[in-house]
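# Coordinates in review
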Amino acid sequence: EKGTADDNLSKIAGKNILISLGGTFEEIDPIRGISNRSSGRMGFELARVFAEKGAEVSLITGPTQQIIEHSNVIRYDVKNAAQMYDKTVECFENCDIAILSAAVADYTPKSTFDTKLKKKTDNLVVELVPTKDILAELGRRKKENQILVGFALETDNELENAKEKLTRKKLDCIVLNSLNDQGAGFNVPTNKVTILDAKGNIYNSDLKSKYEVALDISEKILNL
Ligand code: CTP
């Protein structure tokens, strides 16, 4: 550990932090779409922690029930992966640290219907096309003084896959969410993570509140 919590507090004041969070919603017709189980809670707690430390936080969020009120937070609401891509790439230009915790859809319907799809008796096929990988794009654009943090959620070969993502997407740090632990993951107030950085450090958190996990994550990032 290089810095203490107090050293880190002075490092962070006035810095621009970008945080993406929540799941995206990929429209099929005006009523339906494809989404995922991300609540955005972990991202909101991260925003709270960084705002309380005096950083200027730009929050880019998919559809969510969460609210945050802090004068250091500017919130941008987006719906789908394409909108999240545009806003995140735009905000990255002037940010010091980007933390992408959003659960972005990897696929989106090739075309959307303008009117509600009516039920028929035969099968319905919705063709999906890949979305753009926002994190990988930021990795390509990253300047030397910028820090890029990704999230990973794996069901198998967790550590190996997370390390591979860290390298391939040119990240400084990756936060691995474990689905194998009770009390961690979607829509629960607690979480347990493993944090890996590009220098090879690995940190395992205990099971604790998402706010406390956010504090851990912020300390690890600031030590970079
Ligand atoms: N991510 C992103 N843009 C996407 C998909 C994912 O920026 N279109 C980001 C997420 O915000 C997260 C990280 O990539 O920080 C990990 O997402 P994940 O879905 O686990 O990674 P993939 O590269 O999609 O790998 P795979 O699906 O093979 O596990």
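Attention here is on the structure that accompanies the text. (Residues numbered from 1 in each chain as written. Predicted model: local features only at pLDDT ≥ 70, side-chain atom pairs only at ≥ 80, totals over all residues. Heavy atoms only, no water.)

### Details of the overall build of the protein chain
For the protein chain, the count of helices and strands is six helices and 14 strands. Its C-alpha atoms give the protein chain a radius of gyration of 18 Å, within 12% of the compact-globule value 17 Å for 224 residues. Structurally, the protein chain occupies a C-alpha span of about 65 × 35 × 35 Å along its principal axes. A total of 224 residues make up the protein chain; the buried ones form 46% of that total. The contacts of the protein chain with a sequence gap of at least 6 include a subset with a gap of at least 24, amounting to 59%. Accessible surface, the protein chain: about 12100 Å² in total, of which carbon and sulfur atoms supply 47%. (Helix = DSSP H or I, 4+ residues; strand = E, 2+ residues; numbered from the N terminus. Rg over C-alpha atoms; globule rule 2.2 N^0.38 Å. Buried < 20%, exposed > 50% of the residue type's maximum accessible area, 1.4 Å probe, protein only. Contact = heavy atoms within 4.5 Å. Areas by Shrake-Rupley, 256 points an atom, 1.4 Å probe, with all protein chains shown as cover.)

### Quick notes on the packing of helix α3 (residues 81-92) against helix α4 (residues 134-141)
Where α3 contacts α4, the two axes come as close as 10 Å, and the packing angle between them is 20°. Judged by the inter-axis angle, α3 sits roughly parallel to α4. Relative to α4, the crossing made by α3 is right-handed. For the pair formed by α3 and α4, the contact residues are Ala 81, Met 84, Tyr 85, Thr 88, Val 89 and Phe 92 on the first element and Ile 134, Glu 137, Leu 138 and Arg 141 on the second. (Axes fitted to C-alpha atoms, helices over the stretch in contact; angles between N-to-C directions. Parallel < 35°, antiparallel > 145°, perpendicular 65-115°, else oblique. Left-handed = near helix turned anticlockwise from the far one by under 90°.)

### Some points on the pairing of strand β10 (residues 173-178)
Most of β10 sits out of view: six of its six residues are buried. Of the two faces of β10, the one holding Cys 173, Val 175 and Asn 177 and the one holding Ile 174, Leu 176 and Ser 178 are both buried throughout. Pairing between strand β9 (residues 147-154) and β10: six bridges, direction parallel. Bridging across to β10, Val 149 finds its partner in Cys 173. A crossover connection joins β9 to the parallel β10 through helix α5 (residues 158-168); in handedness this β-α-β unit is right-handed. Summarising the sheet, β10 and strand β12 (residues 193-197) pair through five bridges and their orientation is antiparallel. By the bridge assignment for β12, Asn 177 is matched with Val 193. (Pairing = 2+ DSSP bridges. Right-handed = clockwise from strand over helix to strand, strands pointing away.)

### Examining the sheet that holds β10
Here eight strands make up an open sheet; going across it, the order is β5-β4-β1-β6-β9-β10-β12-β13 and the pairing mixed. Strands at the two margins of the open sheet, each flanked by one partner only, are β5 (73-77) and β13 (202-204). Looking at each pair of strands side by side, their axes are set apart by 15° on average, direction ignored. In this structure, strand β1 (residues 16-21) lies alongside strand β6 (residues 97-100), joined through four bridges in parallel fashion.

### Thoughts on the pattern of salt bridges
A complete count under the given rule lists 14 salt bridges for this structure. With a closest N to O distance of 2.7 Å, Lys 165 and Glu 154 form a salt bridge. Of this pair, Lys 165 sits in helix α5 while Glu 154 sits in strand β9, and the two are eleven residues apart along the sequence. Overall, Glu 154 belongs to the buried group, its relative accessible area being 10%. The partner of Glu 164 in a salt bridge is Arg 168, and the shortest N-O contact between them spans 2.6 Å. Pair noted here: Glu 164 and Arg 168 are both in helix α5, with a separation of four residues, about one helical turn. Among the residues examined, Glu 164 registers a relative accessible area of 37% and is labelled partly exposed. (Salt bridge = Lys/Arg side-chain N within 4 Å of Asp/Glu carboxyl O.)

### Points about the site of the ligand
Looking at the ligand, there are 14 residues lining it, with Leu 100, Ala 102, Leu 135, Lys 165 and Lys 169 nearest. Here a nitrogen atom of the ligand sits 3.0 Å away from a polar atom, N or O, in the main chain of Ile 134. Between the ligand and Leu 135, the relevant distance is 2.8 Å, taken from an oxygen atom to a main-chain nitrogen or oxygen of the residue. Contact with the protein chains hides 77% of the accessible area of the ligand, taken as 580 Å² for the molecule alone. For the shell around the ligand, the secondary-structure elements that each account for two or more residues are α4 and β9. Grouping the amino acids of the shell around the ligand by side-chain chemistry returns seven nonpolar, two polar and five charged. (Near = heavy atom within 4 Å. Polar contact = N/O pair within 3.5 Å; in protein donor to acceptor, adjacent residues only side chain to side chain. Nonpolar A, V, L, I, M, F, W, Y, C, P; charged D, E, K, R; others polar.)

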